[in-house]
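# Breakdown of the fold
If you want the building blocks of each chain, they are given just below.
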Amino acid sequence: MNVTLLVADAVWSNIESTGSVTEEQLSILHLLFGKNLEKATRIIDKRGVKKISGLPSGRSIFQVVGESQKREEYLCFPGDYCGCYSFFYDVVSRGEHPCCKHQLAARLASSLGTYNEIEVSDDHLALMLSKI
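Residues numbered from 1 in each chain as written. Predicted model: local features only at pLDDT ≥ 70, side-chain atom pairs only at ≥ 80, totals over all residues. Heavy atoms only, no water.

## Concerning the overall build of the protein chain
Put simply, the test is: Counting from the N terminus, the helices are the DSSP runs of H or I reaching at least four residues and the strands are the DSSP runs of E reaching at least two. A simple rule labels every residue: compare its accessible area, found with a 1.4 Å probe on the protein chains alone, to the largest value its type can have, and call it buried under 20%, exposed over 50%, or partly exposed in between. Note that His is not counted, nor are the chain ends; the positive residues are Lys and Arg, and the negative ones are Asp and Glu. One atom stands in for each charge, and that atom is NZ of Lys, CZ of Arg, CG of Asp or CD of Glu.
Within the protein chain, the secondary structure is distributed over six helices and five strands. Taken from N to C terminus, the helices and strands of the protein chain fall in the order α-α-α-β-β-β-β-α-α-β-α. Overall, the C-alpha framework of the protein chain stretches about 40 × 35 × 30 Å when taken along its three principal axes. Here the protein chain holds 132 residues, and the buried ones make up 36% of them. Considering the protein chain, the positive charge centre built from 14 side chains and the negative charge centre built from 16 side chains are found 6 Å apart.

Structure below.
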């Protein structure tokens, strides 16, 4: 894991423990993630993050709305994967960013508890995941 993600993980942990985010924490995250953090906060402000949990297992994935006119929804594991173009191009292929704005939105919303919770059967969640 690189230094950026280690620092970010420490900030996420602090946010989770208090359930709120300070200006200092936002400044650190902005330094680490730049404009992607700004875009992620806009997504959160528009209530664009859903946590989809399978029952009875409790396994979950996030679904994050994009900012384009199409308002596409991307399945996302905050630390590992997003189905958007930017994840594959900017994060995986070119290595320019540690994560995409959808991953940041999911992670911040998860830390703050500001997501819409949707419960589905484990079978339905498996079907969703099979389309990734």
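## What to know about the sheet that holds strand β3 (residues 73–77)
For the record, the criterion: Note on pairing: two strands pair once DSSP finds at least 2 bridges between them. In what follows, a contact means two residues having at least one pair of non-hydrogen atoms within 4.5 Å. Inter-axis angles, ranging from 0 to 180 degrees, are taken between N-to-C directions of lines fitted to C-alpha atoms, where helices are fitted over the stretch in contact.
Overall, mixed pairing links the five strands, which are arranged β4-β3-β2-β1-β5 in an open sheet. Taken across any chain shown, the strands that pair with only one partner, and hence form the sheet edges, are β4 (81–82) and β5 (116–121). Helix α6 (residues 122–130) contacts β1 (49–55), β2 (60–65), β3 and β5 of the sheet and is inclined by roughly 105 degrees relative to β5.

## Focus: the packing of helix α1 (residues 3–18) against helix α2 (residues 23–33)
Put simply, the rule reads: Relative orientations are named as follows: roughly parallel for angles under 35 degrees, roughly antiparallel for angles over 145 degrees, roughly perpendicular for angles from 65 to 115 degrees, and oblique for any other angle. A clockwise turn of the near helix away from the far one marks a right-handed crossing, whereas an anticlockwise turn of less than a right angle marks a left-handed crossing. Charged residues are taken to be Asp, Glu, Lys and Arg, nonpolar residues to be Ala, Val, Leu, Ile, Met, Phe, Trp, Tyr, Cys and Pro, and polar residues to be all remaining types, Gly included.
Two numbers describe how α1 lies on α2: the axes approach to 10 Å, and their chain directions differ by 155 degrees. By the angle between their axes, α1 is roughly antiparallel relative to α2. The element α1 and its partner α2 pack so that their crossing is left-handed. Note on element contacts: α2 touches α1 through Q25, I28, L29, L32 and F33, opposite T4, V7, A8, V11, W12, N14 and I15. For the contact of α1 with α2, the per-class residue count stands at nine nonpolar, three polar and no charged.

## Overview of the environment of K46
Looking at the secondary structure, you find K46 in the loop between α3 (35–45) and β1. As a C-alpha pair, K46 and S60 span 14 residues in sequence and 21 Å in three-dimensional space.

## Some details on the nonpolar core
Note on soluble globular proteins: their nonpolar side chains tend to be buried together. What counts here: As used here, the term nonpolar core means buried Ala, Val, Leu, Ile, Met, Phe, Trp, Tyr and Cys residues forming a set that is joined through side-chain atoms within 4.5 Å.
W12, L29, F33, V49 and V64 are the most contacted members of the largest nonpolar core, which has 28 residues in total. Broken down by secondary-structure element, the contributors of at least two residues to this core are α1, α2, α3, β2, β3, β4, α4 (85–93) and α5 (101–112). Looking at this core element by element, the count peaks at five residues for α5. With residues near it in sequence (within four places) discarded, V64 still touches I43, G48, V49, E72, E73, Y74, C76, H102, A105 and A106.

## Focus: the environment of R47
Using the following cut-off: Polar contact is defined as a pair of N or O atoms within 3.5 Å, subject to the rule that within protein one atom must be able to donate a hydrogen and the other to accept it, and that residues adjacent in sequence are counted only when both atoms are side-chain atoms.
The topology assignment puts R47 in the loop between α3 and β1. When neighbours within four sequence positions are excluded, R47 is seen to be in contact with T114, Y115 and N116. A polar atom in the side chain of R47 sits 2.8 Å from the side chain of N116.

## Structural notes on α1
Operational definition: How far a helix is expected to stretch is found by multiplying one less than its residue total by 1.5 Å. The reported arc concerns the directions from the helix axis to the C-beta atoms and nothing else.
With 16 residues, α1 should reach 22 Å at 1.5 Å per residue; the first-to-last C-alpha distance of 23 Å fits that figure. Here α1 has its buried residues at A8, V11, W12 and I15. All buried residues of α1 project into a common sector of 105 degrees when viewed along the axis, lining one side. For α1, the exposed residues lying more than 90 degrees away from the buried face are V3 and S17. Structurally, α1 contributes buried residues whose contacts are with α2 and α5.

Honestly, it's all geometry; don't read function into it.
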